[in-house]
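Read off the chains here:
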Amino acid sequence: MAEGLGSEGRLESKLDVKAARFAANRSALQALMTGLREQEAVIRQGGGTKASEAQRAKGRLTVRERLALLLDEGTEFLELGLWAAHGMYEEFGGAPGAGVVTGLGRVSGRLCMIVANDATVKAGAFFPMTAKKVLRAQTIALDNRIPTLYLVDSAGVFLPLQEDVFPDQDDFGRVFRNNAVMSSLGVPQITAIMGMCVAGGAYLPVMTDTVLMTEGSGLFLAGPSLVQAAIGQKSDPEELGGAAMHAEISGTVDFKEPNDHLCIARLRSLVGKIGERADGPFSVVPYDAAKDAPRYAAEEVYGLIDPDPAKAPTNVYDMREVIARIVDRSEFDEYKADFGRTLLCGYARIGGRAVGIVANQKVHQQQTVAMGPQAGSKRTEFGGVIYTESAQKAARFIMDCNQNLIPLIFLHDVNGFMVGKDAEWSGIIRAGAKMVSAVSTSVVPKITVIIGGSFGAGHYAMCGKAYDPRFIFAWPTARYAVMSGASAANTLVEVRVKQMERGGKHLSEEEKKTIYEEIKATYDSQADPRYGAARMWVDAIIDPAKTREVLMTALDACALNPEVGRFNPGVLQT
């Protein structure tokens, strides 16, 4: 029996919560979480107090006030893309949250995707990252067949950056294409226009199933100024594209509402009448929050990892301690527990829903050498590294989950694949290709959580962003790059030194150290999860103690899509 597994697959925690290291890790991570929450609170203020007051002066609510009315009381809103555009567009004054709020929430009991413009950020205009954020929300809604609600209050494309917003496959126009595709696949979409809806953006509401519009809002392909410039016609905004005109003359809107409050009440009423579709064909059993909760406190994960990037290589912990705090009753049926031990694979339930888990094991392992002159002897395998046997096991497990219609969850803390002569002779490339192929062709829902490192090809094999996870989340301790900052700096310093020496310049040790520190600082900042979240490489940075709740919501969303394609793994390296 593998260490950490009790009878009947129940995980037994060996975490010493009284240890000095646990206390130090917990204190450091809680401090990091406090800093993140403070930054998030600032992002949620959007354009700030003055811009919010200007919004209310127009008789309109702010985006957060609208969400408070829209969502079911007492339910959680899983916000996605909060960090989008963080640290970007500073030359234009920034764009907190990319000027749009997206996420999953309950409306009249139904789980919905919500896309709501924040008019306090540059009048809700679309920056390049705004388009990317909306497209990601639509992709999640499309993959999972989630009813989608749009709260529109936007001036359209941010003109100074139009070349990066307008033309490409993953730019603004793709939003409308997605509207049409979602509708064709039966994904309900309802739009509430509660402000400006101008130019190309005017197509979004009209391409959804149902359109609501408040009095005082505007819906037109060209506003009064542009109309006058283009054709010399003078028009009053209300006459040109007001709610009354569209309700009484053009017939474009389905419901005209006096104000935001009544518009949102109508929207909730309409959502409550959407019919139910069959859930996905995944196993789910009745779930009792009291009886089926994990046996260990979720907050104890704070003590597992030192969040200091410089100390990341020394973070040795048993990934079963994480699994024990996110799965029902801390029960885990571990697959091939004694083979390929640097990857943990196994079956569990989260909120009553069956899942298959693939997780990097950070504890160093002893493995029997299978071939060569050392056959039969023991070797030490480094935690967080994928070896040939680990990759073979994971590939087979992923295929089994597809065969049995079991959604997959990937827990990352991976340095990459093993290198060196022994690894090459063992067929590490072939085994890694098999694992990557299995992940690529997998048809069951996949959800990724980056806990620690997620480096190089290990990121790919563990279902990184390029491998279509339905959701991808990160802990604040995540590190996301081709390699660690220290490794990259060592490599790049060596390259730069050789270039300079070829030019006749010889560097002192102090100069080499300065170059090293500069490169490492840049690399570490780019590996920070906030950098990745700003660019939508991850959907959300989550509180480690809330991992279970986040996964439960994500799994509920995945179950809304009853269609699972035929699993065809293609040609596998054997």
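A brief look at the structure comes next. (Residues numbered from 1 in each chain as written. Predicted model: local features only at pLDDT ≥ 70, side-chain atom pairs only at ≥ 80, totals over all residues. Heavy atoms only, no water.)

1. Structural notes on the overall build of the protein chain
Alright, step 1. Along the backbone of the protein chain there are 19 helices and 20 strands.
Alright, step 2. Taking 25 Å as the expected radius of gyration for a compact globule of 574 residues, we find that the protein chain reaches 26 Å, a close match to that expectation.
Alright, step 3. Along the three orthogonal principal directions, the C-alpha set of the protein chain runs to about 90 × 70 × 50 Å.
Alright, step 4. Within the span of the protein chain, comprising 574 residues, buried residues form 53% of the whole.
Alright, step 5. Of the roughly 24,900 Å² of accessible surface on the protein chain, a fraction of 53% belongs to carbon and sulfur atoms.
Alright, step 6. Placing the 62 positive and 67 negative side-chain charges of the protein chain at their respective mean positions leaves the two points 4 Å apart. (Helix = DSSP H or I, 4+ residues; strand = E, 2+ residues; numbered from the N terminus. Rg over C-alpha atoms; globule rule 2.2 N^0.38 Å. Buried < 20%, exposed > 50% of the residue type's maximum accessible area, 1.4 Å probe, protein only. Areas by Shrake-Rupley, 256 points an atom, 1.4 Å probe, with all protein chains shown as cover. Lys, Arg positive; Asp, Glu negative; His and termini not counted. Charge placed at Lys NZ, Arg CZ, Asp CG, Glu CD.)

2. Focus on the pattern of salt bridges
Alright, step 1. Tallied over the full model, the rule gives 28 salt bridges.
Alright, step 2. Here R329 ties to E331 by a salt bridge, and the two come within 3.3 Å at their closest N and O atoms.
Alright, step 3. When its relative accessible area of 25% is taken as the criterion, R329 is described as partly exposed.
Alright, step 4. A relative accessible area of 23% places E331 in the partly exposed class.
Alright, step 5. The closest approach of N and O atoms between K512 and E509, which form a salt bridge, is 3.6 Å. Here the residue K512 and the residue E509 both occupy positions in helix 17 (residues 509-527), the gap between them amounting to three residues, near one helical turn. (Salt bridge = Lys/Arg side-chain N within 4 Å of Asp/Glu carboxyl O.)

3. What to know about the packing of helix 4 (residues 128-144) against helix 5 (residues 173-184)
Alright, step 1. At a minimum axis distance of 10 Å, the contact between helix 4 and helix 5 shows a crossing angle of 15 degrees. The angle between the axes of helix 4 and helix 5 places the two elements in the roughly parallel class. Handedness of the helix 4/helix 5 crossing: left-handed. Facing helix 4, whose interface residues are V134, L135, Q138, A141 and L142, helix 5 presents R174, V175, N178, N179, V181 and M182. (Axes fitted to C-alpha atoms, helices over the stretch in contact; angles between N-to-C directions. Parallel < 35°, antiparallel > 145°, perpendicular 65-115°, else oblique. Left-handed = near helix turned anticlockwise from the far one by under 90°. Contact = heavy atoms within 4.5 Å.)

4. Comments concerning helix 16 (residues 485-502)
Alright, step 1. Taking 1.5 Å per residue as the helical rise, helix 16 with its 18 residues ought to reach 26 Å, and the 26 Å between its terminal C-alpha atoms agrees with that figure.
Alright, step 2. Considered for burial, the residues of helix 16 that qualify are G485, A488, A489, V493 and V497. Buried residues of helix 16, viewed axially, fall in a sector of 155 degrees; they line one side.
Alright, step 3. Contact partners of the buried residues in helix 16: helix 17.
Alright, step 4. Backbone geometry just after helix 16 places G504 at a positive phi near 95 degrees. (Expected span 1.5 Å × (residues − 1). Arc of directions from axis to C-beta.)

5. Some thoughts on unusual backbone geometry
Leaving glycine out, the prevailing phi sign among residues is negative, and the prevailing peptide bond configuration is trans.
Alright, step 1. One non-glycine residue, K336, lies in positive phi territory at about 45 degrees.
Alright, step 2. Structurally, K336 can be placed in the loop between strand 9 (333-334) and strand 10 (343-350).
Alright, step 3. K336 gets classed as partly exposed once you look at its relative accessible area, which sits at 39%.
Alright, step 4. Located in the positive-phi region is D468, a residue other than glycine, with phi close to 60 degrees.
Alright, step 5. Structurally, the position occupied by D468 is in the loop between helix 15 (456-461) and strand 18 (471-474).

6. A look at the side chain of R145
Alright, step 1. Following the sequence through the fold, R145 ends up in the loop between helix 4 and strand 4 (148-154).
Alright, step 2. Judged by relative accessible area, which is 16%, R145 ranks as buried.
Alright, step 3. Among the polar contacts made by the side chain of R145, one reaches the side chain of E563 at a distance of 3.4 Å.
Alright, step 4. When neighbours within four sequence positions are excluded, R145 is seen to be in contact with L185, V187, L560, N561 and E563. (Polar contact = N/O pair within 3.5 Å; in protein donor to acceptor, adjacent residues only side chain to side chain.)

7. Observations regarding the environment of P286
Alright, step 1. By the element assignment, P286 lies in the loop between helix 10 (260-271) and helix 11 (320-323).
Alright, step 2. Here P286 falls in the exposed class, since its relative accessible area comes to 78%.
Alright, step 3. Spatially, the C-alpha atom of P286 lies 44 Å from that of G47, the residues being 239 residues apart in sequence.

8. A short note on the pairing of strand 4
Alright, step 1. Burial analysis of strand 4 places seven of its seven residues in the buried class, the great majority of the element.
Alright, step 2. Side chains T148, Y150, V152 and S154 of strand 4 all project onto a buried face; the interleaved residues L149, L151 and D153 project onto the opposite face, where all are buried too.
Alright, step 3. Examined bridge by bridge, strand 3 (residues 110-117) and strand 4 share four bridges and lie parallel to one another. The residue of strand 4 that forms the bridge with A116 is L151. (Pairing = 2+ DSSP bridges.)

9. What about the environment of P188?
Alright, step 1. Position of P188 relative to the elements: it lies in the loop between helix 5 and strand 5 (189-198).
Alright, step 2. With near-sequence residues (within four places) excluded, P188 lies in contact with I146, P147, T148, D209 and I274.

10. Observations concerning the packing of aromatic side chains
Alright, step 1. Using the criterion set out here, one finds 11 aromatic pairs in the structure.
Alright, step 2. Summarising the aromatic geometry, the rings of F127 and F158 are spaced 4.2 Å apart at their centres and angled 20 degrees between planes, so their arrangement reads as stacked. Pair noted here: F127 is in the loop between strand 3 and helix 4 and F158 is in the loop between strand 4 and helix 5, with a separation of 31 residues, a long-range link.
Alright, step 3. On the basis of relative accessibility, which here comes to 0%, the residue F127 falls in the buried class.
Alright, step 4. Overall, F158 belongs to the buried group, its relative accessible area being 11%. (Phe/Tyr/Trp six-rings, centres within 6.5 Å; stacked < 30°, edge-to-face > 60°.)

11. Concerning the state of the cysteines
Alright, step 1. If you walk through the whole model with that rule in mind, you get zero disulfides.
Alright, step 2. With no disulfide partner, C197 has as its closest neighbouring cysteine sulfur the one in C263, 12 Å distant.
Alright, step 3. By relative accessible area, C197 is classed as buried at 2%.
Alright, step 4. The structure places no disulfide on C345, whose sulfur is separated from the nearest cysteine sulfur, that of C401, by 8.2 Å. (Disulfide = S-S within 2.5 Å.)

12. Topic: the packing of helix 3 (residues 63-70) against helix 10
Alright, step 1. With their axes 9 Å apart at the nearest point, helix 3 and helix 10 run at an angle of 40 degrees to one another. In terms of axis orientation, helix 3 runs oblique to helix 10. In the crossing of helix 3 with helix 10, the sense of the turn from one axis to the other is right-handed. Packed against helix 3, whose contacting residues are R66, L69 and L70, the element helix 10 presents D260, H261, I264, L267 and R268 at the interface.
Alright, step 2. Residue composition of the contact of helix 3 with helix 10, by class: four nonpolar, one polar and three charged. (Nonpolar A, V, L, I, M, F, W, Y, C, P; charged D, E, K, R; others polar.)

13. Some thoughts on helix 12 (residues 388-403)
Alright, step 1. Compared with the 22 Å implied by 1.5 Å per residue over 16 residues, the 23 Å span of helix 12 between its first and last C-alpha is a close match.
Alright, step 2. With 13 of 16 residues buried, helix 12 lies mostly within the body of the structure.
Alright, step 3. Immediately downstream of helix 12, the backbone of L405 shows phi near 55 degrees, a positive value.

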